[in-house]
Amino acid sequence: MIELKNVTKQYPGQPHPAVDSLTLTVPEGEICVLVGPSGCGKSTTLRMINRMIEPSAGSITINGQSVMNNDPDHLRMGIGYVIQQIGLLPHRTIAENIAIVPRLYKWPKEKIVRRVDELLVMMGLDPEKTRSKYPSQLSGGQMQRVGVARAMAVDPPIMLMDEPFGAVDPIARTHLQDEFLRLQKEIRKTIVFVTHDINEAIKMGDKIAIFGEGKLVQFGTPEEVLTNPANEFVENFIGYDRIVKKLFLYQVQEAYRPAVCRLRPEEIGNALSKMLAEKAEVAFVLNEADKPCGYLTREELEQEETARDADGLQKLAARRSKAFVQTTTPLPDALSVMLEYDAEYVGVLKNGLLEGVMSFKDIRRHVYRREGE
Amino acid sequence: MKMSWERFQIALFEKAPEAVLTHLLIVVITVALAILISVPLGVLLTRPRYRKFGVVALNILNILNAIPGMAVIALALPILGLGIKPAVVALLFQSLLPIVRNTIAGLLEVSADVKEAAAGMGMNQRQILLEVEMPLAMPIILSGIRTSTVYVVSVGTLAALIGAGGLGNMIIGGLALFMPEYLIVGAGLGAIMSIFFDRALSYLEYKITPPGVRAN
C-alpha cells in the first residue's frame, strides 16, 4: 500500500506548487492511474514515490515505511520503474538490460539467466531470438515489453509506470494494455500508472486519480468517475462521450439475457409459431452440432411473406452467422457487431455454445441502470 | 646538393631507431598524462556540482591551444630547461583540450532517458558513470585522444629544439647540415607514425563502440 499525505512539491521561483498538498492512497494489488492534462503534476507525483524528485513537504509511505527512511538508490532497487522513453541501455543486450537490477542485488549468475528467460516468455518474447539482441534491433513494441520485463526483474511488489505504452502505435498499445492487464491478474502488483489519456486510464485503472494544476480533483473507480464527474473540469476532461466511454467498463455478461429461443434444424419451418409460443422476439438457428449459425427475428418473420420456406429462412438466418459475441466481450465491441450487421440483436456465446441473447435495448437498460446507482 | 645512398642507409638504420624510440617515448608519456588529466577533468565538468566551471575551463584550454606549438616549446626552455621533461610538459598543455572537450561532449550526449532509467532502477552515481555514461561516451572520448596523439606526434618534432631528441633531431639536423637523407628519413618516419596512431586508434574506436550503438 502506498500512502501520500499532504505531499507538496514547490520548485523555487515558481508561483504555484507543481503538486499541492496531495493526499492519496493506493491499495495493495491495484492499479491506480494518475491522469490529467500535461503539467498537472501527475508525473511529479509518481517520481516523488521513488524519490527521483524529493517532495518539499508531506509524507510518502510504502507499507507504513516512510520512503525518506531509505537510501534513494536502495529504495529504487525495490520499486519497478517504467518510463515512456523506456531508456534501455543501448550498449547492453536485452538479457543484460533485464539483468540490471538482479545484478545490483548480486543474484547468482544461473538465477539471473533463468529469470531473464522467464521474463521474456512472460512478456511474449522468444528468449532464443531476443536474449542477445541489442535494443536498436527491436521494434518499439518489443522495446516496451523489455522495459516492463526489466522493471519486473526482481519481482518488486510495487511498480511505477510513467506512460509506459505511450511511445508505440495505437494497435500495439491496445495489445500491450490487454496483455498487461491479463498479467496483472496473476501478479497483483501495486501499481501507480501515469497517463494523459483518459481512455487508457478507464481501461487500466482499478482507481483513477484525476489531476488538475497540482491538485487531486477526483479519486474513485472508473465507474464512479464516469458516473459522477466531480466538477466541470473532470467533465471536460472526460469529454462529451462520457456514457460511451462508460460502456468500456462493462462486458456482455452483465447485460445479456440467458432466456433464448432455439430452433433445431428441423424446426426452422415453423419458426414463427415456436417464437410466438415462447414469447420470443428472436430465435437462433442451430446446426446439427448444436452450434448457432444465425438468427431470425419475429418482426421480419411477420413481415417477410416470400421467404417462408425452410431454405429461405435458413439463408436469412445465415446472414447473421457472425453476429455473435462472447460473454467476456466488452459492450462497445458488441455494439460494434450490431452496427456492422445492422442488427438489433447479437447472440451470446460461451465455449462455442449459445448462452443467451443481447439486444440494443439490453445495453441501453444496463447503462441506464448503472447511471442511477 | 647530392644525395648518397650510403648516408641514407646510415640515417635509416643507425640514427633512426633511437630517434623513433625517443619520439615514441615522448608521445606515449604525453598522451598518457593527457588522458589521466583530461578524462577525469571532463567527467568532473559534467557533474552537476561543477558544471558551471565547464565554460571557464574550456576557454582556458582553448587559449592554451591557440598558442603556436613552437612558442610553447620555446617558452618551456627558459622555465624548464632542456630535455624530455620540459618537452612533455610543453606538449601536454596543448594535448589536453581535444580530450577534455570530447569527454564533455561524449558524456553530455548520453541520452537523459537512459540515465533516468538507470537511476530509476537504483544504480548509484558511480555505477551510472562507469557502466552507462563512460561506455556510451567512449567512442567520442577516444576520437579526442586520437586527435591529441596525432598532434603530439607532429609537434613533438619541435621538441628536438630543446634537446629532447626524437625524430625532430633528424629533421633539424638534416636541415642544418644540408643532408636531405636525414630530413627525408625523419619526416617520413614521423608521417608514418602519425598515420599509424591515427589508424590504430580509429580501429580501437570502432572496436570499442558497442555493437548496439554502432551506426551501420
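Definitions and limits used
- Residues numbered from 1 in each chain as written.
- Chains lettered and ligands numbered in written order.
- Predicted model: local features only at pLDDT ≥ 70, side-chain atom pairs only at ≥ 80, totals over all residues.
- Heavy atoms only, no water.
- Domains from an automatic or database assignment.
- Contact = heavy atoms within 4.5 Å.
- Salt bridge = Lys/Arg side-chain N within 4 Å of Asp/Glu carboxyl O.
- Buried area = accessible area lost by both parts, 1.4 Å probe.
- Polar contact = N/O pair within 3.5 Å; in protein donor to acceptor, adjacent residues only side chain to side chain.
- Helix = DSSP H or I, 4+ residues; strand = E, 2+ residues; numbered from the N terminus.
- Buried < 20%, exposed > 50% of the residue type's maximum accessible area, 1.4 Å probe, protein only.
- Phe/Tyr/Trp six-rings, centres within 6.5 Å; stacked < 30°, edge-to-face > 60°.
- Lys NZ or Arg CZ within 6 Å of the ring centre and 35° of its normal.
- Expected span 1.5 Å × (residues − 1).
- Bend = angle between axes of the 7 residues up to and from the residue.
- Axes fitted to C-alpha atoms, helices over the stretch in contact; angles between N-to-C directions.
- Parallel < 35°, antiparallel > 145°, perpendicular 65-115°, else oblique.
- Left-handed = near helix turned anticlockwise from the far one by under 90°.

(A) Highlighting the domain arrangement of chain A. Residue and element names in this part refer to chain A. Considered domain by domain, chain A is made up of domain 1 (2-250) and domain 2 (253-372). Averaged C-alpha coordinates put domain 1 and domain 2 at centres separated by 42 Å. Each partner contributes residues to the interface: domain 1 has nine residues there, and domain 2 has eleven residues. Between the two partners, domain 1 and domain 2, sit one salt bridge.

(B) Quick look at the interface of chain B and chain A. In this assembly, 19 residues from chain B lie in contact with 24 residues from chain A. Of the roughly 1800 Å² buried between chain B and chain A, counting both surfaces, carbon and sulfur atoms make up 64%. By the criterion of area lost to chain A, the three top residues of chain B are Glu 116, Met 121 and Glu 131 of chain B, representing 33% of everything that side buries. Linking chain B with chain A are three salt bridges, by the criterion used here. Between Arg 92 of chain A and Glu 131 of chain B there is a salt bridge, with the nearest N and O atoms lying 3.5 Å from each other. Counting across the chain B and chain A interface gives four residue pairs in polar contact (both at pLDDT 80 or more). Breaking the side of chain B that touches chain A down by element, the ones donating at least two residues are α5 (112-120) and α6 (125-155) of chain B. Among the elements that take part in the side of chain B that touches chain A, α5 of chain B stands out by supplying six residues, more than any other.

(C) Seen up close, unusual backbone geometry. Residues and elements named next belong to chain A. Even without being glycine, Asn 6 reaches a positive phi, approximately 50 degrees. What makes Asn 6 partly exposed here is its relative accessible area of 45%. Although it is not a glycine, Asn 63 sits at a positive phi angle of roughly 50 degrees. With respect to the secondary-structure elements, Asn 63 resides in the loop between β4 (57-62) and β5 (65-66). By relative accessible area, Asn 63 is classed as partly exposed at 47%.

(D) Quick look at the packing of aromatic side chains. Residues and elements named next belong to chain A. Tallied over the entire structure, the rule returns nine aromatic pairs over all chains. For the ring pair Phe 165 and Phe 193, a centre distance of 6.1 Å and an interplane angle of 55 degrees mean the geometry is tilted. Of the two residues, Phe 165 is situated in the loop between β7 (158-162) and α8 (170-187) and Phe 193 in strand β8 (residues 190-195); the sequence distance between them amounts to 28 residues. Overall, the relative accessible area of 1% leaves Phe 165 in the buried class. Relative to Phe 237, the ring of Phe 233 has its centre 6.4 Å away and its plane inclined at 10 degrees; by these criteria the two rings are stacked. With Phe 233 and Phe 237 both in helix α11 (residues 232-238) and four residues apart, this pair spans about one turn of that helix. Using a relative accessible area of 31% as the deciding quantity, one classes Phe 233 as partly exposed. Through successive ring pairs, a cluster of aromatic residues spans Phe 284, Tyr 295, Phe 324 and Tyr 345. Just above the ring of Tyr 11 sits the side chain of Lys 9; from NZ or CZ to the centre is 5.0 Å. One cation-aromatic arrangement involves Lys 111 over Trp 107; the distance from NZ or CZ to the ring centre is 4.0 Å.

(E) Up close: helix α4 (residues 84-109) of chain B. If you check α4 of chain B, its first and last C-alpha atoms are 37 Å apart, about what 26 residues at 1.5 Å a residue would give, namely 38 Å. Where α4 of chain B bends most, at Phe 93 of chain B, the angle is about 35 degrees.

(F) A look at the packing of helix α17 (residues 331-340) of chain A against helix α18 (residues 360-372) of chain A. Residue and element names in this part refer to chain A. Direction vectors running N to C along α17 and α18 enclose 150 degrees, while the axes themselves pass 11 Å from each other. For the element pair α17 / α18, the angle class is roughly antiparallel. Every pair of crossing elements has a handedness; the one defined by α17 and α18 is left-handed. Of the residues in α18, those touching α17 at Leu 331, Leu 335 and Met 338 are Phe 360, Ile 363 and His 366.

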